[in-house]
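Descriptive analysis of the structure
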Amino acid sequence: MSKRRIIFDCDPGHDDVVAILLALASEEMEIVGIVTSAGNQTIEKTTTNTLKLLSYLNITSIPVVKGLGKPLCQPLVCSPEVHGETGLDGADLGEIKFKPLEKNPIEFMYQTIMCSEEKTTLIVTGPMTNTAALLIAHPDVKEKIDCISFMGGACFGGNTTPLSEFNIYVDPEAAKIVFKSGVDLFMSGLDVTMKARLLKKDINAIRALNNGIGPILADLLDFFNLSTTVNFLNDDPNYEEGVHMHDPCAVALLLHPEKFVTRKLYGDVETSGEYSRGCTVIDYDGIYGREKNVTVAFDLDREWFAQYVIDSVGKL
Ligand code: RIB
Ligand code: CA
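Residues numbered from 1 in each chain as written. Chains lettered and ligands numbered in written order. Predicted model: local features only at pLDDT ≥ 70, side-chain atom pairs only at ≥ 80, totals over all residues. Heavy atoms only, no water.

**Topic: the nonpolar core**
In this structure, F8 and L217 are the most contacted members of the largest nonpolar core, which totals 57 residues. Sequence-distant contacts of L217, defined by excluding residues within four places in its chain, comprise V17, V18, L21, I206 and V313. Formed by 35 residues, the second largest nonpolar core is a distinct cluster that contains M109, C155, V178 and V296. (Core = buried A, V, L, I, M, F, W, Y, C linked by side-chain atoms within 4.5 Å. Buried < 20%, exposed > 50% of the residue type's maximum accessible area, 1.4 Å probe, protein only. Contact = heavy atoms within 4.5 Å.)

**Considering the pattern of salt bridges**
Taken as a whole and judged by the stated rule, the model has 12 salt bridges. As a salt-bridge pair, D146 and R4 come within 3.0 Å of each other at their nearest N and O atoms. With D146 in strand β5 (residues 145-151) and R4 in strand β1 (residues 4-10), the pair connects residues that are 142 residues apart, well separated along the chain. Given a relative accessible area of 35%, D146 falls into the partly exposed group. Overall, R4 belongs to the partly exposed group, its relative accessible area being 27%. In this structure, E303 and K201 form a salt bridge, with 3.6 Å as the shortest nitrogen-oxygen distance. (Salt bridge = Lys/Arg side-chain N within 4 Å of Asp/Glu carboxyl O. Helix = DSSP H or I, 4+ residues; strand = E, 2+ residues; numbered from the N terminus.)

**Observations regarding the pairing of strand β11 (residues 294-300)**
Most of β11 is tucked away: 6 of the 7 residues are buried. Examined bridge by bridge, strand β6 (residues 185-188) and β11 share 3 bridges and lie parallel to one another. From the neighbouring strand, L185 faces β11, where its bridge partner is V294. Pairing geometry for strand β9 (residues 260-269) and β11, over 6 bridges, is antiparallel. Within the sheet, the bridge partner assigned to T262 lies in β11 and is A297. (Pairing = 2+ DSSP bridges.)

**Considering the pairing of strand β2 (residues 29-36)**
Of all 8 residues in β2, 7 are buried, a share of seventy percent or more. Bridge count for β1 against β2 is 7 bridges, and the pairing is parallel. In the strand pairing of β2, R5 is matched with E30. For the segment spanning β1, helix α1 (residues 14-25) and β2, crossover handedness is right-handed. The pairing of β2 with strand β3 (residues 64-65) spans 2 bridges and is classified as parallel. Note that in β3 the partner of I34 across the bridge is V64. Once the chain exits β2 it traverses helix α2 (residues 43-56) before rejoining the sheet at β3, and the crossover so formed is right-handed. (Right-handed = clockwise from strand over helix to strand, strands pointing away.)

**Let's talk about unusual backbone geometry**
Here N58, not a glycine, exhibits a phi torsion of approximately 60°, which is positive. Tracing the backbone through its elements, the reader meets N58 in the loop between α2 and β3.

**Some words on a nonpolar patch on the surface**
A contiguous nonpolar surface patch, about 310 Å² in accessible area, is contributed by V281, I287 and Y288. As for its position among the elements, I287 is in the loop between β10 (280-283) and β11. Using a relative accessible area of 68% as the deciding quantity, one classes I287 as exposed. (Patch = residues over 30% accessible without salt bridge, like charges linked within 9 Å, V, L, I, M, F, W, Y side chains within 5 Å. Areas by Shrake-Rupley, 256 points an atom, 1.4 Å probe, with all protein chains shown as cover.)

This is the structure we're talking about:
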């Protein structure tokens, strides 16, 4: 069976890094391109982080293209308080060994998708600016997109405002375009990603891996752990703090859907409002009676997930 062709649209970012590592470790996926987005940090820094990661792994064959530098309509909002000044604080992955492809990111995505007989899957783990621009510039591309699996939004809650999650908040207009695109959507929102935690024992297991990436990834995760927002589940007496692995859910959900609890629902995005900008409106009870357009993840087997991350990183 041929591998699933993947284009990442991402803003590395600590959890974006883990998402890329899961895809690299999978025998079912082939990353045919990485387009960077501005979100966790500026486009320059997220692109540098992507090149550093692949260089550290001695992977120089995957094309990396610098994406659009700001949201479609809104001013750029970054999150140095979460990912640090570099966007990947906590460890240094060393020197860059190759340059990004000098191509228009939207044309790169379009040509990479259209040139193959096989459909391509988009994994979006940052603001959806590049993906939305692709869908607007080239509507015919939808026929060759298998699905879009993205980390973003929430049915209940938010981490940037009480109602909005960071990736959607940064570029709500882009997210609205994706939600209305008609492409098969798989949403890993905060409902599931706040449960997809790596506990201290899991990070210790990653640190103990006797490969190059294990120990340095553990250092990155230790930094990320210190910076992530307080968890809304922490009033659960059995709750154990951990590092929220938001973006890796967008990969794991595609590879192991049986480990997740999902529901197909109607969803859209609020692009304005004093309190509601960037809110993903997910119609959990079908109140609107509209056509269901997004498969939303709500829960996962956390123990399995943590071991899956450890085992995947151990393969690299
Ligand atoms: O809200 C979590 C999301 O924002 C993740 O994609 C993380 O990398 C940040 O971009
Ligand atoms: Ca991200």
